[in-house]
Protein chains: 2
Amino acid sequence: MPRTLPKHATAEDMKYVQDTLYVISGKWKMLIILAICAGNNRFKDIQRAIPRITTRMLSKELKELEQNKLVTRRVYDESPVLIEYSTTAYCKSFGAIIHEMIRWGKEHRKIVKK
Amino acid sequence: MPRTLPKHATAEDMKYVQDTLYVISGKWKMLIILAICAGNNRFKDIQRAIPRITTRMLSKELKELEQNKLVTRRVYDESPVLIEYSTTAYCKSFGAIIHEMIRWGKEHRKIVKK
DNA sequence: CCGGATCCTATCGGATACTG
DNA sequence: CAGTATCCGATAGGATCCGG
């Protein structure tokens, strides 16, 4: 399973890596995606699911995720107005990366402790 | 290939994701790993391989990568002194993530352009 | 409930100069 | 060659308060 590192990464490849990094980096984006996936679709629910995130950050990050087409925001015109966030089909393409990050983070704990 | 997102990520999982993110984030770390993999083992070589990185940044990031056991620094006591950086076996466990990031970054270009 | 607006601080990272 | 040291601007992100 541990594939080897790419030995001949091109300059293009490096750009792609940076792009990806840019989209997922920051303290919260990945956690927000995970929280929505877990069934938290309302603003308050997401916030409750992620310890210590502030409304400012959640609001900001949700907007960026929307711009990157990873999250959809739907407004249902009831009263009081109901807003629902969901991950896009495209967002599922993150699956492999997230699973890898969980696996790797777990491993890393053991390694660095030594 | 596009695995689905994890539906039941635990709080533990979230911690692991944050840890991984912490290790790889920043503008340069991944590029430095790729550069070393491509056969650039000396400080100057790595710097040449990565456009616009400053000595300050390269120095700082290499130290962190060493602390995280992703890179090894060897000193050969010739004169002038020769220093060689290499990726650890452990670093290869990044393979899957990096490949995924390249793939995903490439895809993302197309999506966002639309 | 769903955020926006302000203010503040810490860290990130660039530029430049200098050292063994 | 392989870095260190300093200075500085930009940005990330926290705290708090406010409004529809």
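From a predicted model like this one, the values you see are computed outputs, not experimental measurements.

### Points about the overall build of chain A
The number of helices and strands found in chain A is 5 helices and 2 strands. Starting at the N terminus, the α and β elements of chain A follow one another as α-α-α-α-β-β-α. Computed over its C-alpha atoms, the radius of gyration of chain A comes to 17 Å, more than 25% above the 13 Å expected for a compact globule of 114 residues. Along the three orthogonal principal directions, the C-alpha set of chain A runs to about 55 × 35 × 25 Å. Expressed as a percentage of its 114 residues, the buried residues of chain A come to 46%. About 6,300 Å² of surface is accessible on chain A, with carbon and sulfur atoms providing 53% of the total. Charged side chains of chain A number 22 positive and 12 negative; the gap between the two group centres comes to 8 Å.

### Considerations on the relation of the copies chain B and chain A
Mapping between the two chain copies consists of a rotation about an axis together with a translation along that axis. Superposition record for chain B on chain A: RMSD 0.1 Å, screw rotation 180°, translation along axis 0.0 Å. Expressed as an axis order, the relation between the two copies is that of a two-fold axis. Both copies contact each other with a shared surface, as 100% of the interface residues of chain B are interface residues in chain A too.

### Here we look at the protein's contact with DNA strand D
Near DNA strand D there are 15 residues, and of these Lys27 and Arg56 of chain A together with Ser59, Arg73 and Tyr85 of chain B occur at the shortest range. The separation between a base oxygen of DNA strand D and a polar side-chain atom of Thr55 of chain B is 3.1 Å. In this structure, a phosphate oxygen belonging to DNA strand D sits 2.6 Å away from a side-chain N or O atom of Ser59 of chain B. At the level of secondary structure, the elements contributing two or more residues to the surface near DNA strand D comprise helix 4 (55–67) of chain A together with helix 3 (43–49), helix 4 (55–67) and strand 2 (82–87) of chain B. The element that contributes the greatest number of residues to the surface near DNA strand D is helix 4 of chain B, accounting for 4 residues. Taken together, the residues that form the surface near DNA strand D break down as 5 nonpolar, 3 polar and 7 charged.

### Overview of the nonpolar core
Ile32 and Phe94 of chain A together with Ile32 and Phe94 of chain B are the most contacted members of the largest nonpolar core, which has 71 residues in total. Secondary-structure elements contributing two or more residues to this core are helix 1 (11–24), helix 2 (29–37), helix 4 and helix 5 (95–113) of chain A together with helix 1 (11–24), helix 2 (29–37), helix 4 and helix 5 (95–113) of chain B.

### As for the packing of aromatic side chains
According to the stated counting rule, one finds 4 aromatic pairs over all chains in the structure shown. Taking the centre distance of 5.6 Å and the plane angle of 15° together, the rings of Tyr90 of chain A and Trp104 of chain B count as stacked. Of the two residues, Tyr90 of chain A is situated in the loop between strand 2 (82–87) and helix 5 and Trp104 of chain B in helix 5; the pairing between them involves two chains. Comparing Tyr90 of chain A with Trp104 of chain B shows no difference in burial state: the two are buried.

Scoring rules and cut-offs
- Counting restarts for each chain, with residues numbered from 1 along the sequence as it is written.
- Each chain is given a letter, starting from A, and each ligand a number, starting from 1, according to the order in which they appear as written.
- For this predicted model, a pLDDT threshold of at least 70 governs which residues receive local features, and a threshold of 80 or more governs which side-chain atom pairs are given and counted, while totals over whole chains, interfaces and linings are taken from all residues.
- Only hydrogens and water are set aside; all other atoms, that is, all heavy atoms of the structure, feed into the side-chain values.
- Strands are runs of DSSP state E lasting at least two residues, helices are runs of H or I lasting at least four, and both sets are numbered from the N terminus onward.
- Every radius of gyration here is taken over C-alpha atoms, with the globule rule written as 2.2 Å times N^0.38, N being the number of residues.
- To sort residues, take the accessible area from a 1.4 Å probe on protein chains only and compare it with the maximum for the residue type: under 20% means buried, over 50% means exposed, and anything in between is partly exposed.
- For the area figures, the Shrake-Rupley method with a 1.4 Å probe applies, and any residue is considered shielded solely by the protein chains shown.
- Here the positive residues are Lys and Arg and the negative ones are Asp and Glu; neither His nor the chain ends is included.
- Lys charges are placed at NZ, Arg charges at CZ, Asp charges at CG and Glu charges at CD.
- Least squares is the method used to superpose the copies, on C-alpha atoms of residues holding a pLDDT of at least 70 in both.
- Contacts between residues were defined by any pair of non-hydrogen atoms, one from each residue, lying within 4.5 Å.
- Any residue with at least one heavy atom within 4 Å of a molecule or strand is counted as near it.
- Two N or O atoms count as a polar contact when they lie within 3.5 Å, although within protein this holds only if one can serve as hydrogen donor and the other as acceptor, and sequence-adjacent residues are included solely when both atoms are side-chain atoms.
- Ten residue types, Ala, Val, Leu, Ile, Met, Phe, Trp, Tyr, Cys and Pro, are classed as nonpolar, four, Asp, Glu, Lys and Arg, as charged, and the remainder, Gly among them, as polar.
- Think of a nonpolar core as a cluster: buried Ala, Val, Leu, Ile, Met, Phe, Trp, Tyr and Cys residues, connected wherever their side-chain atoms sit within 4.5 Å.
- Between the rings of Phe, Tyr and Trp (Trp by its six-membered ring), a pair exists once the centres lie within 6.5 Å; its type follows the angle of the planes, with under 30 degrees stacked, over 60 edge-to-face, and the other angles tilted.

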